[in-house]
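# Topology and contacts: notes
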Amino acid sequence: MPDFVIPACVGKGDSVDILLLSIKMILRAGLIGDVHGQLKPLRAAIKFLQKQPDLDVLLCTGDLPERGDPLLTENSVECIRLLREAKVKTVRGNHDRWKLDILKDGSPRPIVPGWSEDEGFEFLAALPPNIDLATPLGPAMLCHGIGRDDMNGLYRGGEGWLHQAGLMKLDVFRNVYPQKLILNGHTHLRMVETFDDI
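Residues numbered from 1 in each chain as written. Predicted model: local features only at pLDDT ≥ 70, side-chain atom pairs only at ≥ 80, totals over all residues. Heavy atoms only, no water.

## A look at the overall build of the protein chain
Tallying secondary structure elements over the protein chain gives 5 helices and 8 strands in all. When the helices and strands of the protein chain are listed from N to C terminus, the series reads β-β-β-α-β-α-β-α-α-β-β-α-β. A burial count over the protein chain gives 43% of its 198 residues as buried. Here the protein chain has roughly 10,800 Å² of accessible surface; of this, 54% comes from carbon and sulfur atoms. (Helix = DSSP H or I, 4+ residues; strand = E, 2+ residues; numbered from the N terminus. Buried < 20%, exposed > 50% of the residue type's maximum accessible area, 1.4 Å probe, protein only. Areas by Shrake-Rupley, 256 points an atom, 1.4 Å probe, with all protein chains shown as cover.)

Right, here's the structure in full:
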C-alpha cells in the first residue's frame with residue numbers, strides 16, 4: 001500500500017483543527033457493524049473477512065457491549081478481546097460511551113478468565129470517536145453515527161426517504177470535515193448512498 005497524506009480532524013465540539021497525516025492507502029477493507037455482544041456472529045465475520053484476498057484492514061463501527069445490561073458482560077468483553085486480537089480498527093459507538101459512563105460511576109466490572117477487571121473498560125475508553133482513512137476515492141472517515149455525533153444516522157424509509165435530521169448532519173459534516181466518504185453504523189441497516197459531494 002502506498003503512503004498517502006490526508007487532512008485529519010482533531011478537536012472537540014465545533015472547534016476542529018486540520019492536521020496532515022501520512023497514512024497507508026486502503027484499497028480493500030472489511031467492515032463490521034454494531035456488535036452488541038454478539039460473539040458468534042462476530043467470530044464468524046472476522047474469520048470470513050480474514051480469508052478474503054488482499055484485504056488491507058478490518059474496521060468496526062463500534063457499539064461493542066450487549067444491549068440492556070448496565071454492566072460489561074462476559075460476551076461483551078470476549079467481543080472486545082476478539083477485536084483486539086484480530087487488530088480490527090474500531091471506533092466508539094453510543095453504547096460504548098454509555099457503558100463507560102456507567103462504569104466510571106464505580107459499577108462492578110466483569111471478571112473474565114485471562115483478563116484483568118479493567119481491561120474491557122480500558123479498551124472502550126481508548127476507542128476514538130472516528131478514524132481518518134485514505135482511499136483511492138479520497139479521504140474517508142470511519143465513525144459510528146455521522147462524524148463525531150454517535151447518535152445520528154441515515155435511515156431509509158419508503159421510496160428512498162432519508163431521515164431529515166441525518167441529512168442536516170450531513171450538511172454540517174460537509175462544512176466541518178474534509179472527508180468525502182463516511183463508513184458508519186448506528187442504524188443497523190446495510191446502505192450505500194451517494195449525496196452530491198459526499
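## So, the pairing of strand 3 (residues 29–32)
Going residue by residue along strand 3, you find Gly30 and Ile32 tucked away on one face and Ala29 and Leu31 left uncovered on the opposite face. By the bridge criterion, 4 bridges tie strand 3 to strand 4 (residues 57–60) in an arrangement that is parallel. Paired with Leu31 across the strands is Leu59, a residue of strand 4. In this view, the connection linking strand 3 to its parallel neighbour strand 4 by way of helix 1 (residues 39–50) has right-handed handedness. (Pairing = 2+ DSSP bridges. Right-handed = clockwise from strand over helix to strand, strands pointing away.)

## Let's talk about the nonpolar core
Ranked by size, the top nonpolar core spans 20 residues in total, and within it Leu42, Ile46 and Leu64 carry the most contacts. Of all elements in the fold, only helix 1, strand 4, helix 2 (74–85) and helix 4 (119–126) reach the threshold of two or more residues within this core. Those residues in contact with Leu64 that sit more than four places away from it in its chain are Val35, His36, Gly37, Ser76, Ile80, Leu83, Thr90, Asp96, Phe123, Leu124 and Leu127. Counting residues in hydrophobic clusters, the runner-up holds 8 residues, among them Ile26, Val91, Ile131 and Leu142. (Core = buried A, V, L, I, M, F, W, Y, C linked by side-chain atoms within 4.5 Å. Contact = heavy atoms within 4.5 Å.)

## Some details on the state of the cysteines
Working definition: the covalent bond between the sulfur atoms of two cysteines is a disulfide. Tallying each qualifying case throughout the model produces 0 disulfides. Cysteine Cys60 remains unbridged, with the sulfur of Cys79 as its closest cysteine sulfur at 9.2 Å. By relative accessible area, which is 0% here, Cys60 ends up buried. (Disulfide = S-S within 2.5 Å.)

## Structural notes on unusual backbone geometry
Backbone phi values are negative for most residues with the exception of glycine, while trans is the configuration of most peptide bonds. At His36, a residue that is not glycine, the phi angle is positive and equals roughly 50 degrees. Relative to the assigned elements, His36 resides in the loop between strand 3 and helix 1. On the basis of relative accessible area, His36 is assigned to the buried category, the value being 7%. Backbone geometry places Asp63, a non-glycine residue, at a positive phi of 55 degrees. Relative to the assigned elements, Asp63 resides in the loop between strand 4 and helix 2. Given a relative accessible area of 1%, Asp63 falls into the buried group.

## A closer look at the pattern of salt bridges
For the structure shown, the criterion picks out 2 salt bridges. For Arg81, the salt bridge is made with Glu78, and the minimal N-O distance between the two is 3.4 Å. In this pair, Arg81 and Glu78 are both assigned in helix 2, 3 residues apart and thus about one turn of the helix distant. The buried category is assigned to Arg81, whose relative accessible area is 15%. We classify Glu78 as buried; its relative accessible area is 18%. When the shortest N-O distance is used, the salt bridge between Arg97 and Asp150 registers 2.6 Å. Here Arg97, found in helix 3 (residues 94–104), pairs with Asp150, found in the loop between strand 7 (138–143) and helix 5 (164–176); they are 53 residues apart in sequence, far enough to count as distant. Residue Arg97 is classed as partly exposed on the basis of its relative accessible area of 27%. (Salt bridge = Lys/Arg side-chain N within 4 Å of Asp/Glu carboxyl O.)

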